[in-house]
Each structure stands twice: as structure tokens, then as C-alpha cells.
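Residue strings, one per chain:
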Amino acid sequence: MKMLWSGAALSACVLGLAAGAARAEEAWKTVAEKPYVVKVRARPGSEAKDVWAEGELAASAADVQAVLRDVDAYRRWMPYVKESRILKDLPDEGQRTYTKLDLPVVSSRDYVCDVVLESKLAEDGSGVFAQRWQATPDAIPQRRGTVRLRLNEGSWRVEPRGEGKSHAVYRFSVDPAGSIPGFLARMGQKDAVEDTFRAVEKRARERAASRAKAK
């Protein structure tokens, strides 16, 4: 069983982040080097971990940018995402988003995040796509039977690397809230991050193929 956690709206690898009490000023630990570099460290004062992942994607930066900005579509291709939508537009192309995860073994989770667009690609595909998000858990009422995540922050940074290729850096910190089985915790640091990269890459390539077919 693999867990997935997606990008500005996010996915189920949040459940792999419980790791006991964090130690202050803990150094990054590399848990994977191929196909993507994945580093983790304890987050002081919480049960969460900081995760840093980066690597090459076989998809253009423009298509990756479009996929990560299309929050409403997450529920159609991101495993475990039951609901995803933009609640409202924020200044400077920001978004307030809502995501609900329908998960095995544990109860459903949801989160509300404010997504800030820091930079976007130029029309010719050059430049850098960068966005960051932070949880705003009290922006809407909590739903009965669903655990609201209160710590959820991170960022994507995507740069072109030639035709049909890009380099992505994905960072996040999430407190999964509540009791998480040990096997889920072990999955969250490596496999789920890899699944997230592959899912974004696949969706971006599908978008490119659909565009080419329409010409």
C-alpha cells in the first residue's frame, strides 16, 4: 500500500510524518538518493517532520505549473483525495484551498490552506514557478467525523531543464493529527514522496499529450 501527498493542495503521505518528540536543531537526514533526493528532520516542538525532496521530472515546467495550480482537479487523479477545491481567490493570484483525504486504516483528514504564488513562468516557459502554502484551519467550520490538520505548510519550486524536462524542489511540514500506525510512519519519508513526484509528472505528461493531440 502506498500513500500519496500532493502539492499545494496536498496528499496522504502526511500520515507518514509522526515520529515521536522532535529534538531541537536536528540535522537533515538523507533517506533516499534515487530517483529523488529525500531528506527529513525532526521539527522542534511538534510531532511533525520537515521533508525536503528534489529531482528531475520528465515533464515541462509549464505543464507541472499548470497541474499544481489546478487544485479542483486533484480529486480526479490524486490517490486518496476525496475532495479538492478552491474556496476563494486571494490577492496576487493566491488561492484558499480545501482538501479532504479518504484514507485506509485511519479516519479521514482534511485541511484548508492559503497558497501564495511567489513567481510563475513567463509565456515562453522560462523563469521559475514557486508557490508556498500554510494551513488556515479555522477558515471554515470543521466537519463531523473528519480530523482537521492544523500544521500544514510547504512549497514547490520548479525550473525548466530543457525541452520536456524540469527540476522540482518540494518541501513540507505536516502534523498528521492523532494516532498513526507505525507502518504508515515508515512509508511517509520515502515511498510516498516518490509517489507524489511520479503522480505530478504523469499528470503533466498527460496534459502535454492532450495538447499535442488537439493541434
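Up top is the structure.
Fair warning: this is a prediction, and the values are worked out from it, not measured in the lab.

A.B. asks: How would you sum up the overall build of the protein? Please name residues and give values.
C.D. replies: The helix and strand inventory of the protein stands at four helices and ten strands. Counting across all 215 residues of the protein, residues that qualify as buried make up 50%. Partitioning the contacts of the protein with sequence separation of at least 6, the portion at a separation of at least 24 is 58%. Accessible surface computed for the protein: about 10,500 Å², of which carbon and sulfur atoms make up 46%.

A.B. asks: Can you tell me about the side chain of D114, naming the residues and giving the values?
C.D. replies: Note on placement: D114 falls in strand β6 (residues 109-119). Under the relative-accessibility criterion, D114 is labelled buried at 19%. For D114, the contacting residues outside a window of four places in its chain are L90, Q95, R96, R132, W133, Q134 and T136.

A.B. asks: Explain the packing of aromatic side chains residue by residue, including any values.
C.D. replies: A complete count under the given rule lists seven aromatic pairs for this structure. Ring geometry for W28 versus W52: centroids 5.7 Å apart, planes at 90°, classification edge-to-face. Here W28 is found in the segment before β1 (29-32), whereas its partner W52 is found in strand β3 (residues 49-57), with 24 residues between them in sequence. Owing to a relative accessible area of 27%, W28 belongs among the partly exposed residues under this scheme. With a centroid separation of 5.7 Å and 50° between ring planes, the pair formed by W156 and F197 is classed as tilted. Here W156, found in strand β9 (residues 152-160), pairs with F197, found in helix α4 (residues 191-214); they are 41 residues apart in sequence, far enough to count as distant.

A.B. asks: Tell me about helix α1 (residues 61-69), residues and numbers included.
C.D. replies: Of all nine residues that make up α1, seven are buried, and the element is covered over most of its length. Looking only at α1, the buried set comprises A61, D63, V64, Q65, V67, L68 and R69.

Parameters at a glance
- Residues numbered from 1 in each chain as written.
- Predicted model: local features only at pLDDT ≥ 70, side-chain atom pairs only at ≥ 80, totals over all residues.
- Heavy atoms only, no water.
- Helix = DSSP H or I, 4+ residues; strand = E, 2+ residues; numbered from the N terminus.
- Buried < 20%, exposed > 50% of the residue type's maximum accessible area, 1.4 Å probe, protein only.
- Contact = heavy atoms within 4.5 Å.
- Areas by Shrake-Rupley, 256 points an atom, 1.4 Å probe, with all protein chains shown as cover.
- Phe/Tyr/Trp six-rings, centres within 6.5 Å; stacked < 30°, edge-to-face > 60°.

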